[in-house]
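# Observations on the three-dimensional arrangement
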Amino acid sequence: MSAVAAVESEYYKTTIGETLFEIPKRYENLKSIGSGAQGVVVSALDTKTGTRVAIKKMSKPFQNVTHAKRAYREIVLMKSFNHKNIVGLLNLFTPDHDLSQFSDIYIVMELMDANLSRVVHIDLDHERLSFLLYQMLCGIKHMHAADIIHRDLKPSNIVVKEDCSLKILDFGLARAADGGFMMTPYVVTRYYRAPEVILGMGYKSNVDVWAIGCIFAELVRGQILFPGSDHIDQWTKVVDLLGTPPPIFMQRLLPNVRAYVESLPHKRGYTFAQLFPDDLFPCSLPDDREKTTNARDLLARMLVVDPDKRISVDECLRHPYIFQWYDQSEVEAPPPMRYDHTVEETDHTVDEWKALLFRQVINYR
Ligand SMILES: CCNC(=O)N1CCC(Nc2ncc(I)c(-c3c[nH]c4ccccc34)n2)CC1
């Protein structure tokens, strides 16, 4: 039997909900933990390590170009990254014997306890709050070091454990992300998208600082800061709270976007003391007052509409509210190979994507 083919005896079939899983026997006791835009996810006991893992089944990821591009990008990036704040790839396999029969991909990853969207309703002390933010910043900085700018960070693609450790689940939007129409029933969450993304301006790495700022605000307030129903409403909510941006920002907008933005009623916005009053923060420990002042200061530097005026990831990591956690080995972890964007930016047919994905799976290990 060639090395390419999946060894028959090794695999077994089991159905979780309505999804058939065909996986190696080493993985037992499957339990559903949810489904994402790309497939169904279960937890399982890996009898080889004695630990439970997460297994995501991607069904026919090459069914259309959008799915294929996202699956290919996720697999290539997961293979290349190795950072404690980016979810790690433990195994990658297909039960299918060859390219002609190739249909499903299974990705095995580290299992975490919960989604960050579950945590936003919990009152966090400053220690946990600043530690979660520090880990998001470390993970994002590591991606930036490999030329990956996420642009779509949100609580639903961040997972945490009881011990407050945190991992980012995905790698965001492809650079050439065709905002392509997708038939999936999944709604796109735009609440955390930066102004430069909403208004179609250029972007740089601190586009991800905006999203982390929105998540920070939500962890403090217990509710979404800018819950826009669409792009227009998203921008309206940003202006309502932060005020109309200055002319220097308007000048950098595309003509038609600028005309629209300048046509809106002028808003003064609120101060950060008004947006984030003391009673939203912890106040039981002696140095909580100073930490609250630092937390509000950092929020005010992250939630700046003009990216040229907004704080950078590196400056966030050195901010008094975060610096206490600074560990050179976590912040400066050597980046993986710089990601080659050309593959995802090349238009391939479904069959070509199928072959590219099959090769990624077969070449694993
Ligand atoms: C306490 C309620 N449980 C909860 O919020 N959960 C989501 C995270 C889940 N843990 C995990 N750990 C690793 C990965 I990778 C994934 C995961 C990736 N994509 C998903 C899509 C849906 C559900 C889970 C995932 N999920 C445990 C269950």
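This section reports on the structure supplied with the text. All values derive from a computational prediction rather than experimental measurement.

Enumeration according to the criterion identifies 1 cavity of 30 Å³ or more in this entry. Here the largest cavity is characterised by a volume of approximately 80 Å³. Looking at the largest cavity, it is lined by 10 residues, and the ones nearest its centre are Ala37, Gln38, His67, Arg70 and Ala71. Taken together, the elements giving at least two residues each to the lining of the largest cavity come down to strand 5 (51-59) and helix 1 (65-80). Broken down by element, the lining of the largest cavity gets its largest block of residues, 4 residues, from helix 1. The residue inventory of the lining of the largest cavity, partitioned by class, reads 5 nonpolar, 4 polar and 1 charged.

Right, let's get into the pairing of strand 4 (residues 39-46). In terms of burial, strand 4 is largely enclosed, as 6 of its 8 residues are buried. Between strand 3 (residues 27-36) and strand 4, which pair antiparallel and follow one another directly, the connecting turn spans 2 residues. Two strands pair when backbone bridges link them, and strand 4 and strand 5 are joined in this way by 7 bridges, in the antiparallel orientation. Bridge pairing in strand 5 links Val40 to Lys57. Hairpin connection of strand 4 to strand 5: 4 residues between the antiparallel strands, including Gly50 at a positive phi of 75 degrees.

Here we have 5 strands laid out as an open sheet, ordered 3-4-5-7-6, and antiparallel in their pairing. One side of each edge strand has no neighbouring strand; the edge strands of this open sheet are strand 3 and strand 6 (89-93). Neighbour to neighbour, the strand axes of the sheet diverge by 25 degrees on average, direction disregarded. Together, strand 5, strand 6 and strand 7 (104-110) form the strand contacts of helix 1, whose direction differs from that of strand 7 by roughly 40 degrees.

How each quantity is defined
Along every chain, residues carry numbers that run from 1 in the direction the sequence is written. Owing to the predicted nature of the model, reporting of local features is limited to residues with pLDDT of at least 70; listing and counting of side-chain atom pairs is limited to 80 or more, with chain, interface and lining totals taken over all residues. The basis for every side-chain value is the complete set of heavy atoms in the structure, and neither hydrogens nor water enter the calculation. Residues are said to line a cavity or pocket when one of their atoms sits within 4 Å of a point; the points come from a 1 Å grid over protein atoms alone, cavities being sets where a 1.4 Å probe fits but cannot get out and pockets being open sets with protein on both sides within 12 Å along at least five of seven lines. Grid points are joined across faces, edges and corners, and a volume is the space filled by probe spheres set on the points. Numbering of helices and strands starts at the N terminus; helices are DSSP runs of H or I of at least 4 residues and strands are runs of E of at least 2. Note on residue classes: Ala, Val, Leu, Ile, Met, Phe, Trp, Tyr, Cys and Pro are nonpolar, Asp, Glu, Lys and Arg are charged, and everything else, Gly too, is polar. Here's how the labels work: a residue is buried when its accessible area is under 20% of the maximum for its type, exposed when over 50%, partly exposed in between, all with a 1.4 Å probe on protein chains only. When DSSP finds two or more bridges between two strands, those strands count as paired. Between N-to-C directions, angles span 0 to 180 degrees; the directions come from axes that are lines fitted to C-alpha atoms, helices contributing only their stretch in contact. Two residues qualify as a contact provided that any one of their heavy atoms is within 4.5 Å of a heavy atom in the partner residue.

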